[in-house]
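Fold and geometry: a report
Listed below are the residues making up each chain.
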2 protein chains.
Amino acid sequence: MAFEYLSNVELEEAVGGFLSALKERGAKPRTEFVPVGESLGRVTAEPLYAAISAPHYHACAMDGIALAASATFGATATTPVTLAPEDYVVVDTGDPLPQGCDAVVMVEDLVYAEGDGVENLGSCPVTLFASIAPWGNVRQIGEDICAGEMLLTSNVRIQPAAMGAMLAAGVQEVPVIARPRVGIIPTGDEVVAPSANPKPGDVMEFNSTIFSGMVRQWGGEPVVYPIVADKPDLVRDAVAKSVAECDITLLNAGSSAGRDDYSSRAVGEVGQVLYHGIAIKPGKPAILGCAGPKAIVGVPGYPVSGIIVVEQIVKPIIEQLLGNNVPQAATVRATLARPCMSSLKYQEFVRVRLGKVGEKLVATPLSRGAGVVTSFVKADGLMTVPQNVEGYEAGEEVDVSLLRPLEDIENSLVVIGSHDPLIDEIAQFIHARDAALSVASTHVGSMGAIVAAKRGENHCGGIHLLDEATGAYNEPYLQKHFPKGGVRQVECVYRQQGLMVAPGNPLGIRSLADLAVEGRSFVNRQKGSGTRILSDYICKQEGIDPSKIYGYDHEEFTHTAVAALVEAGSADAGMGIYSAAKMYGLDFVPICEEQYDLLVPDYAWGTPMVQALLSVLESDEFRARMQELGGYRVDQPGSVRRHYE
Amino acid sequence: MAFEYLSNVELEEAVGGFLSALKERGAKPRTEFVPVGESLGRVTAEPLYAAISAPHYHACAMDGIALAASATFGATATTPVTLAPEDYVVVDTGDPLPQGCDAVVMVEDLVYAEGDGVENLGSCPVTLFASIAPWGNVRQIGEDICAGEMLLTSNVRIQPAAMGAMLAAGVQEVPVIARPRVGIIPTGDEVVAPSANPKPGDVMEFNSTIFSGMVRQWGGEPVVYPIVADKPDLVRDAVAKSVAECDITLLNAGSSAGRDDYSSRAVGEVGQVLYHGIAIKPGKPAILGCAGPKAIVGVPGYPVSGIIVVEQIVKPIIEQLLGNNVPQAATVRATLARPCMSSLKYQEFVRVRLGKVGEKLVATPLSRGAGVVTSFVKADGLMTVPQNVEGYEAGEEVDVSLLRPLEDIENSLVVIGSHDPLIDEIAQFIHARDAALSVASTHVGSMGAIVAAKRGENHCGGIHLLDEATGAYNEPYLQKHFPKGGVRQVECVYRQQGLMVAPGNPLGIRSLADLAVEGRSFVNRQKGSGTRILSDYICKQEGIDPSKIYGYDHEEFTHTAVAALVEAGSADAGMGIYSAAKMYGLDFVPICEEQYDLLVPDYAWGTPMVQALLSVLESDEFRARMQELGGYRVDQPGSVRRHYE
């Protein structure tokens, strides 16, 4: 098992070398002609000159009469000039200026003799009380565009007004830079087209959909080929076909060194491998190759690795083929909310969630799992940790390349705290009421809400912290952690906590004690979550040794994740809320009703996002939706239980 | 001729009332389902929940062996554990976790007995020197997405990663907000399809192309109907058809009160006119009407008026039908370079050119002619002068809504000065060499270059100012106007100035004196331009009374505009450069060779834009292009003639 790809070339070096190699072999922007009407958003390949002037004739700019301006010279309020019908021509806006005329007087400025009027204009004399200058009210030839003038330079993105200017200037077809064709070849015996009911082991092929979207956004034209089985000949033939038809070929999956790795061989057979193994994470096993001027890129199979490779390696090729006309993401400085460690061996790309809290732009690193495509859905930005840097500490300022407009981020309610599906429902209500506002939620447990509020990093967070001594929720914790005040405890809901078990509860589980039995398994929540505190409390109360419960260390971050594992049979029970059990059709053994509040720091109280949150909490639609989800009791959501001052 | 539309309703009031009326009548976003693969950039109509978990099965995350984690408990470097072939299953990345297994050990961590190896893995024992935790190297069900979780709220623009997440979550079709269909009806007897050879009086119909592009950029779907002649029945039928087929109907042209005005009547017959006449400039004659929930907008025929009406009145309707998900233009503060007066009667929209000079963002108002579509091509932003404001003074700070990204504007070489087509050629060379850089040029004559440099508003400007006393070019003027220095005089070209006359010079014109003759006409350049100074100088030298030359007051701003008018026969001669005469196939009577320099203020010298300009001037390609254009002599372009310190 030779790891030929462990060359670990630096990204910048590899991309630079790759682009030069392609250019040397003749890769360059291609020109094509498109009708002006289809040129929106395309990039001009050459400077564009006006073929004719606009207007292309002297055009009357008003409804009225055309005449020789000299005939009006001297006309004033006291010395009016009267013109006979043969001295003028009735014209409408846009009419060509009649022979012998060099000005137009607008119809509103004409005075008629008794008995005459606009209805017999053309056959009656008219009187003028002011002179008109030569070329008055005439749109002269070339007023807008002169034939021969440059309308657009090359390398310009065509906007609607430019399309109008081209047509006005007699240009019917535009030379534009051809969209680079990007062939995408999914490979793998286990890979199947996406379906609503996949079988275990089916790996659904959605990378080509993601990559196509990215390519389209950058101005390329994706061509998705059928899925190819792991047969060297088939893979090679597919690559050869794509190379013949496209500018760039993406060979997806098979670029790690597993058993089914034919990618490198296929690239070598059709063309030549230039680099194999790049010092980036994720995305390390990428292959950079070419056949003449055509690029061939081996893209790793995991979506997150694949996205990074396409973004970092394929985008620059598209840029080169488009004459460097790809819009670039803006970059901002943000404060890191949590430490982010990274290997010295790789340049690492970390997706982050961004939130504007007070004056501070806060970046929270998201899951770095290579399979976690939702981390890209949730991400607001991409942070790069250079190869020679070990990572960043919490509180450090970092550069983040934006994946969403900064304005959206600034109008986002930053929810950091305990997980409950109702947070997503609140997000839906807030955004549906005002599209300018949105919600960015991170599930780090109730204690996480307190920590974030102390550090000024959230606008609110769910908390349901049971005080063992008093049996009260939240208040003792807030008193302890905010001795100087500065937060509000806002009522949200009461919710049922309990054990989620398989439908019909086949093992007859009634309590945590029933799980401290050989052969049974549990799935737990992470430390610091209110639900974990509840499990720990129950163990203590009932005298159960947690180490006797198999899976007590198996930590998940959300109620739904726990429910999904119980439904899959990976665990016999998990602690969680009723609504999650209901969502998965599980049986539910109630343990207690708990108080789920929202912690809102004073610095966030006046923001439009928090005010929108409160008005959602107070709404009838929120109440109705909680009823629908089940397991919630709603009293006076949105009211302030206590302001800690 | 009743001006029923002189109601002059305020824009905000009219749009507010219009949107409410449409909403009351049932206008709202429509939902349609599209396949995920076609959903890029669309906006979700409903919150979207995961149908299945992702992964949808416990997936092996490594190539290696699957086993029960408990079988490895206790394994360390000193107490290894050896597994028999029946205790493990060989797996590849992505394989379903076999029954009875809850962890995967990667192939690299396996140790074989003498004679065994990876090639007989599956039939040989393997030894482990470390234990593995339950669920190690397993991508558990729901690790990325849990069934039932909300993937996206409604009102969210779909990005590539979200498309992947939807497919992974078993979602095949997405409910998205339907693109509002916008029917565009061009009308007018004189209106023809764009062509390369229009006849005088043909008004080319390019508004529908511009409006289609705008509608598309905002997320609507344009439907362009055939041109309708000015017949009331035909116009009414066309409106009725569009109303039946589309959400919004734009009836283009005919909304002023001229003879051919059937728009208002047609709107009233198909539906009802709500407003007619809005207090905006341009765009005043707009009609706002509806038929049930369908909007009908009468859009003025002049492109600039039409663009403003579509932008100010139609865009909000599209926004309403898209659930307010149309990207909004960013706004910046800029310093006005010239005064901009406006009527108290109207809210006025003025296109401006923006330039970043030093730390200052400078806005220069562009031509406000209603027919000048190029003013939209050149515009970097749109400035609004409110209805109750008389205008702004030069130097005032104004709000400008951006039409181009601010970054592009900041990388733009601001050329303000004398016109020469070579400025466009330089723009082409600069932008072709570095797509990040561009050129924004304004033609205000040589004296305009000096004024702009004094006020810190340009990076460079063309000057060719003849000093009557010495016969020298530029230097005496720069000495006078920059007594404290601060500018460089950079050599550009020498060019032929002369009289442009009809081909064959039928009137035998040899000098300006030949134009001071009854029946002959001239076209001049604007005061402050070097060419005008030349004309004035010659008149003085030859003792010609300019008032005897018909058209001496007829001022144009560019050499090409003068050439276009001479070619059209509007004037018998005009003063200008050889290259413009050549472009139009005119005869040329040489008068002198003049020195065309570039003035570069010191504050601009170090900018990348000016450095790029200098390297273009010094290039062989610039020299070759000047040769090609004709009438230029090139010595040492790019060299500094004198630095005024």
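Residues numbered from 1 in each chain as written. Chains lettered and ligands numbered in written order. Predicted model: local features only at pLDDT ≥ 70, side-chain atom pairs only at ≥ 80, totals over all residues. Heavy atoms only, no water.

1. Some details on the overall build of chain A
- Of regular secondary structure, chain A possesses 17 helices and 38 strands.
- Its C-alpha atoms give chain A a radius of gyration of 35 Å, more than 25% over the compact-globule value 26 Å for 645 residues.
- Each principal axis of the C-alpha atoms in chain A carries an extent, and together these give about 115 × 70 × 45 Å.
- Burial analysis of chain A (645 residues in total) assigns 59% to the buried set.
- For chain A, the proportion of contacts with a sequence separation of at least 24, taken over those separated by at least 6, is 77%.
- Accessible surface, chain A as shown: approximately 24700 Å² in total, 50% of it carbon and sulfur. (Helix = DSSP H or I, 4+ residues; strand = E, 2+ residues; numbered from the N terminus. Rg over C-alpha atoms; globule rule 2.2 N^0.38 Å. Buried < 20%, exposed > 50% of the residue type's maximum accessible area, 1.4 Å probe, protein only. Contact = heavy atoms within 4.5 Å. Areas by Shrake-Rupley, 256 points an atom, 1.4 Å probe, with all protein chains shown as cover.)

2. Focus: the relation of the copies chain B and chain A
- Once chain B is rotated about the relating axis by 180 degrees and shifted along it by 0.0 Å, it coincides with chain A to within an RMSD of 0.2 Å. The superposition operator between the copies reduces to a two-fold rotation axis.
- In this assembly, 100% of the residues forming the interface of chain B have copies in chain A that are likewise at the interface, indicating an isologous arrangement. (Least-squares fit on C-alpha atoms with pLDDT ≥ 70 in both.)

3. So, the sheet that holds strand β9 (residues 126–128) of chain B
- In space, the three strands of this open sheet follow the order β5-β9-β8 (chain B), with antiparallel pairing throughout. For this open sheet the edge positions go to β5 (81–83) and β8 (111–112) of chain B, each flanked by a neighbour on one side alone. (Pairing = 2+ DSSP bridges.)

4. A short note on helix α4 (residues 232–245) of chain A
- In this model α4 of chain A runs 20 Å from its N-terminal to its C-terminal C-alpha over 14 residues, within 8% of the 20 Å that 1.5 Å per residue would give.
- The secondary structure elements touched by the buried residues of α4 of chain A are β13 (181–186), β17 (248–252), α5 (263–270), β20 (287–291) and β21 (294–299) of chain A. (Expected span 1.5 Å × (residues − 1).)

5. Focus: helix α3 (residues 207–218) of chain A
All names here are of chain A.
- Its 12 residues place the ends of α3 17 Å apart at the C-alpha level, agreeing with the 16 Å of an ideal helix rising 1.5 Å per residue.
- Taking burial as the measure, the 12 residues of α3 include 10 buried ones, the bulk of the element.
- Buried within α3 are the following residues: N207, S208, T209, I210, F211, S212, G213, M214, V215 and W218.
- A positive backbone phi angle near 100 degrees is found at G219, which sits one or two residues after α3.

6. Considerations on the sheet that holds strand β7 (residues 103–106) of chain A
All names here are of chain A.
- Judged by pairing direction, the sheet is antiparallel, and its three strands sit side by side in the order β6-β4-β7 without closing on themselves. This sheet does not close on itself; its edge strands, each paired only once, are β6 (89–91) and β7. With strand direction ignored, the average angle separating the axes of adjacent strands in the sheet is 35 degrees.
- As defined by bridge partners, strand β4 (residues 64–67) adjoins β7 across four bridges and the pair is classed as antiparallel. When the sheet's bridge partners are listed, G64 is paired in β7 with M106. (Axes fitted to C-alpha atoms, helices over the stretch in contact; angles between N-to-C directions.)

7. Details of unusual backbone geometry
Residues and elements named next belong to chain A.
- The peptide bond linking A54 to P55 adopts the cis configuration, its omega dihedral lying at -10 degrees.
- Along the chain, the position of P55 falls in the loop between β2 (48–49) and β3 (59–60).
- With an omega of -5 degrees, the peptide bond between K281 and P282 qualifies as cis.
- Checked against the element boundaries, P282 lands in the loop between β19 (280–281) and β20.
- Its identity as a non-glycine residue notwithstanding, N505 has a phi of 45 degrees, on the positive side.
- By the element assignment, N505 lies in the loop between β32 (487–501) and β33 (522–525).

8. Overview of the confidence of the model for chain A
Residues and elements named next belong to chain A.
- Chain-level pLDDT for chain A is 92 on average; 97% of the residues reach the 70-or-more range.
- The low-confidence segment residues 1–6 (pLDDT under 50) makes 14 contacts with residues lying over four places distant or belonging to another chain.
- Predicted as a complex, the structure gets a pTM of 0.89 and an ipTM equal to 0.89. (pLDDT = per-residue confidence, 0-100.)

9. As for the interface of chain B and chain A
- Each partner contributes to the interface: chain B provides 103 residues, whereas chain A provides 103 residues.
- Buried surface at the junction of chain B and chain A, summed over both partners, amounts to about 7900 Å²; 61% is from carbon and sulfur atoms.
- Inspection of the region where chain B meets chain A yields zero salt bridges.
- The interface formed by chain B and chain A holds 32 residue pairs in polar contact (both at pLDDT 80 or more) in total.
- Taken together, the elements giving at least two residues each to the side of chain B that touches chain A come down to β11 (150–152), α2 (160–168), β15 (203–204), α3 (207–218), α7 (374–378), α9 (421–433) and α13 (559–567) of chain B.
- Looking at the side of chain B that touches chain A element by element, the count peaks at eight residues for α2 of chain B.
- Tallied by class, the residues present in the side of chain B that touches chain A amount to 54 nonpolar, 32 polar and 17 charged. (Buried area = accessible area lost by both parts, 1.4 Å probe. Salt bridge = Lys/Arg side-chain N within 4 Å of Asp/Glu carboxyl O. Polar contact = N/O pair within 3.5 Å; in protein donor to acceptor, adjacent residues only side chain to side chain. Nonpolar A, V, L, I, M, F, W, Y, C, P; charged D, E, K, R; others polar.)

10. Examining the packing of helix α9 (residues 421–433) of chain A against helix α17 (residues 620–629) of chain A
Residues and elements named next belong to chain A.
- One way to put it is that α9 packs onto α17 with a least axis distance of 11 Å and a crossing angle of 145 degrees. Note on packing geometry: the crossing formed by α9 with α17 is right-handed. Where α9 approaches α17, its residues L422, E425, I426, F429 and R433 are matched on the opposing element by E621, F622, R625, M626 and L629.
- Here the contact of α9 with α17 is built from residues that sort into six nonpolar, no polar and four charged. (Left-handed = near helix turned anticlockwise from the far one by under 90°.)

11. Focus: the pattern of salt bridges
- The final tally for this structure, using the stated rule, is 60 salt bridges over all chains.
- Across the pair K356 of chain B and E410 of chain B runs a salt bridge, and its minimum N-O distance is 3.4 Å. In this pair, K356 of chain B sits in strand β24 (residues 347–357) while E410 of chain B sits in helix α8 (residues 406–410), placing the two residues 54 residues apart along the sequence.
- Close ionic contact of D420 of chain B with R495 of chain B constitutes a salt bridge, the shortest N to O distance being 2.5 Å. Residue D420 of chain B is found in the loop between β29 (412–417) and α9, and its partner R495 of chain B is found in strand β32 (residues 487–501); the two are separated by 75 residues along the sequence.
- We classify R495 of chain B as buried; its relative accessible area is 0%.
- Each of the salt bridges in this network shares a partner with another, and the network as a whole consists of D233, R236, D237 and E269 of chain A.

12. Observations regarding the domain arrangement of chain A
- Here chain A is partitioned into domain 1 (11–30 + 178–322), domain 2 (32–55 + 143–177), domain 3 (59–139), domain 4 (331–410) and domain 5 (470–644).
- Spacing between the C-alpha centres of domain 1 of chain A and domain 3 of chain A amounts to 70 Å. (Domains from an automatic or database assignment.)

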